[in-house]
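# Summary of the model geometry
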Amino acid sequence: MSEIGQYIFNGLMLGMIYAMVAVGFTLFFGVLDVIKFSHGDVLMVGAFAGLTASIAMTAVGVTSPVLQLLGMVLFAVGLTGVLGAAIAKFLILPLHKAPPLNTLLATLMLGTVIREAVRLFYPDGSNPKRFPALLPTSSFELGSMNLRVDNLILLVAGLTAIAGVHFMITRTKLGLAIRAVAQDGETARLMGINFEAVVLFTFALGSGLAALAGVMNGLYYNEVNFGVGLLLGVIGFAAAILGGLGNMYGAIIGGFLFAALQVLGSVLLPALIPEIPSAYKDVFAFTAVIIFMAWKPTGLIAEKTSERV
Amino acid sequence: MSLTVAAVAMTLYVWMFLHAESQAAVAVLVVLAASAVFASRKLGATRVMAAAVAQRPGLARALSLAGALVLIAAFHDSHFVLLMLCAVLLYATACLGLTVQFGYSGVANFAGAAFFGIGSYATAIMAAHTQIPHVLVIVLSGLIAAVIGSVLITPVLRTRGHYAALVTIAFGILFKTFIEVNDVLGGPQGLQVPGMKLFGVSLNDGIEIPGVEISFYVPYVLLSLLVFGLVYALVSALERSWVGLSMDVVRTDETAASTFGLHIARWKVVAFTTGNFFAGIAGSLYGMISGFVAPNNFTFSDSLLMLSIVILGGLGNIAGLIPAALIVLVLPEKLQFIQEYRFLLFAAMVIVILLFRPQGLLPRKTRIFFREEAPK
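Every value quoted in this text rests on a predicted model; they were computed, and no experiment measured them. Here the residue index of a chain counts from 1 through its sequence in written order. Here every chain gets a letter starting at A, and every ligand a number starting at 1, in the order they are written. Only residues with pLDDT of 70 or above have their local features reported here, since the model is predicted, and side-chain atom pairs are shown and tallied only from 80 upward, although totals for entire chains, interfaces and linings are computed over all residues.

### Here's the deal with helix α11 (residues 280–295) of chain A
Rule in force here: Helix and strand definitions follow DSSP, with helices as H or I runs of at least four residues and strands as E runs of at least two, each counted in order from the N terminus. Here the expected length of a helix is defined as 1.5 Å per residue gap, with one fewer gap than residues. We call a residue exposed when 12 or fewer other C-beta atoms sit within 10 Å of its C-beta, buried when the count reaches 20 or more, and partly exposed for counts in between; the C-beta positions come from the backbone. This entry defines residue contacts through backbone-placed C-beta atoms, with two residues in contact when those atoms are within 7 Å.
Between its terminal C-alpha atoms α11(A) stretches 22 Å, which fits the 22 Å expected from 16 residues at 1.5 Å a residue. Among the residues of α11(A), Lys281(A), Asp282(A), Val283(A), Ala285(A), Phe286(A), Val289(A), Ile290(A), Phe292(A) and Met293(A) are the ones counted as buried. In this structure, the buried residues of α11(A) make contact with α9 (228–243) and α10 (248–272) of chain A together with α8 (153–158) and α9 (162–181) of chain B.

### Concerning the nonpolar core
In plain terms, the rule: Residues enter a nonpolar core if they are buried, belong to Ala, Val, Leu, Ile, Met, Phe, Trp, Tyr or Cys, and are joined to the set through C-beta atoms within 7 Å. Either an automatic procedure or a domain database provided the assignment from which the domain bounds are taken.
Core analysis: the biggest nonpolar cluster contains 220 residues, and Ala19(A), Met20(A), Val23(A), Ala238(A), Cys95(B), Ala170(B) and Ala325(B) have the highest contact counts within it. It is helix α5 (residues 79–104) of chain B that provides the largest number of residues to this core, a total of 17 residues. When we break this core down by domain, the ones giving at least three residues each are domain 1 (1–74) and domain 2 (79–373) of chain B. Residues within four places of Ala170(B) in sequence aside, it is in contact with Val234(A), Ala238(A), Phe286(A), Val289(A) and Ile290(A).

### Looking at the domain arrangement of chain B
Accessible area lost when the parts come together is the quantity often used to give the size of an interface. Residue and element names in this part refer to chain B. Cut-off, in case you're wondering: Ten residue types, Ala, Val, Leu, Ile, Met, Phe, Trp, Tyr, Cys and Pro, are classed as nonpolar, four, Asp, Glu, Lys and Arg, as charged, and the remainder, Gly among them, as polar.
Assigned domains within chain B: domain 1 (1–74) and domain 2 (79–373). Here the C-alpha centre of domain 2 lies 24 Å away from the C-alpha centre of domain 1. Contacts between the two partners involve seven residues from domain 1 and, on the opposite side, eleven residues from domain 2. Looking at the side of domain 1 that touches domain 2, the elements with two or more residues in it are α2 (23–43) and α4 (57–74). In terms of residue class, the side of domain 1 that touches domain 2 is made up of six nonpolar, one polar and no charged.

### Observations regarding the interface of chain B and chain A
Taken together, the contacts link 36 residues of chain B with 39 residues of chain A. If you list the elements that add at least two residues to the side of chain B that touches chain A, you get α8, α9, α14 (300–313) and α17 (342–356) of chain B. The dominant element in the side of chain B that touches chain A, judged by the number of residues it contributes, is α9(B), at 13 residues.

### Regarding unusual backbone geometry
All names here are of chain A. Here Asn-222, not a glycine, exhibits a phi torsion of approximately 60°, which is positive. Here Asn-222 lies in the loop between α8 (195–221) and β4 (223–224). Since 12 C-beta atoms lie within 10 Å of it, Asn-222 is described here as exposed.

As C-alpha cells, this is what we get:
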C-alpha cells in the first residue's frame, strides 16, 4: 500500500513540474503561435541561477534557509524572466513572419547555445551539481504513507504558482490583455493594447514559471546538470501537446498525464517483463507520446483550426 | 573556362586547408576564404560563376568530381584526412535525404542522426551475424531505416508543423535511449562493425602498389564518393522532375496543392521515406568505415548538427551541402580550440543565418527547365 502511495506521490511531483513547463509552452503558443523550444534550457538556466544565488549567499554569510530560498527563487525567476523576454525580443519577434519551422529551428538551436554555454562557461559545468537541500527533511506518517515535508512544500508551491498564473490570466487586466493578444493580435492592437509589451511580459512570465520549476526540480532531486533542460523541454512540450496547445487546463492535464504514463511505465514494465532495466520507462513514455499523437494529433482539448486562404 | 579556373582554385584551396597543420595557417586560410567570398561578391564574380554553372551543369559536375578525385589522390597516404573526407561525403549524403524532406516537401525531421544510426546498427548486426554480401547490406540498412521511419508516418501525416516536429524529436531521443539501455545492441559501449568486403576482397587489407604507400581508407573514400554521387544524381534528377515540382508545391501551400489535385499525403510519405533511406545508407557505410557504432554518435545534438549543414548550405540547394559539411565537420577538427565549442558555434551560426539570411550561404536557384532561358 505504502509503495503505491509513494508512486502516486512521485507522479504528482513530476506532474507538477511538467505542468509548469507545459503551461509556459501553452502561454507562448497562445500569444504568438510559436513554439519556443529553448524553454527547457531556460528552465535549466533558472536552476543554475538558483544554485549560484545560494552559493553567493552562503559566501556572504547568509545561511538562513528561508532567506536563501527566497533569494534563490527571486534571483532565478528574475534572471530567467529577463532572459525569456530577451529571447522574445531578439529572436522570436524578428522571426514572426518567417515560416513556423524556422522559428522552431531557431529556438532549438538557441536551446543548444544555452545548454552548451552553461556546460562550457559555468565553473565545472559539465558535471552534475549538488543542489543545496534547503527544505526541512523531516517526515510524518499519514495512514500507511510516509510523507516528507519538503516534498509537500514543493507540491504546494507548484500548485500556488500555477494557480497564481491562472488567476492572473483570468482575473486581472494584464491577463485580459494577454488573452486578447492570444485571440487576435491585430484587433488587440487596434484596441490600444501594447502588443510587444504584452508579448514580452508573457514570455517573461512563462520563463519565470520555468525557472521556478527548475529550482523545484533541483530541490527535489538534490542535483542539477546542464542536460536537464532538454528532456524536461521535450516532456513539457509533449505534455502541452497532449493537452492541446494554447489551452492552460490542457497543459496541466497533459503534465500530470505524462507523469502518470512514466510512473505507470516504471511500475508496469517490470511486472510484465521481469528483469527489464528501469531505464526503459522513458522509452515507454515517448512511445506512448508517439502513439498518442497518431491517435489524437492535436491533443485532448483540440486547438481550433481554421485557415484563411 | 572560368569554371575550370574556379574548380582548380577551389581544389587547391581545399587541399591547402586539409593539409594545414598549424592553427595559424588554418586561421589564415579561413580569413582568406571569407575575404575571397566577399571580394568575388563585390566584383560580380559570383554572378558570373553562377551563370557559367547554369550554362554548363555537366561540366561543373565533371569538374567537381575531378577535384574530389585529385584530392583523394593527393592524400592517398594519410588516414586521418581520408577519414574526414568520408565523414564529409556521408554526412552530406544523409543531408541530401534531409533536403528531400525539409527543403523540398517541408516534412520536419529532427531525427536525422537517429536514421543514420539505424543504418549503422543494422549494418553492424547484419555484417556480423549473416553472410549477406556487404553491398546488399548497405541497401538493406537503408531499407530498414526507411521501414522503421514508416512507423512515424501516421503521426507525422496526421499532424502539421510543431506537432510533427515533436514526433520526430521524441523519436530521436527514444532511439538514443533505447540503444543505450538495450544490452543486445551493446548498450552505451556500442558494437563493433566488421570492415567491408567487396566481391570477396576485404577493404581493410588495403591495396598494395609497390613503391607507393596507399591508405586502406582510399577504397572507402572512393566508395563514399560513389554513394554520394549516386544519391546526388538521384536527388537532382528528382528535383528537376515533376516529383520535385509536386513536392515544392506541397511545401509552399498545401491548400493550393490539393486544389490542383496533388495528393499531399503521398508526396510527404515519398519524401520522408526516401530521405530516411538515404540517411540509412550513409549511416551504414559510415559504420563500416569507422568500424564501431555507439549511441553517443546519434544524439539529438547530432541531428541538429546535420540540420545545421542543410540550413548553412542553403535550404534545398544540394550543391551547398559539401561546402557546408566541410565547414561543420572539418573546421572543428582543424581548429582544435573550437572543437569543444562546435555545438555552441554552429547552433549560433544557424540562428544568425535564420535571422539575417534565411536562404543560407548558397541560396537555392529557381529550376531552369530549358537551357536557353538561363541568364547569360
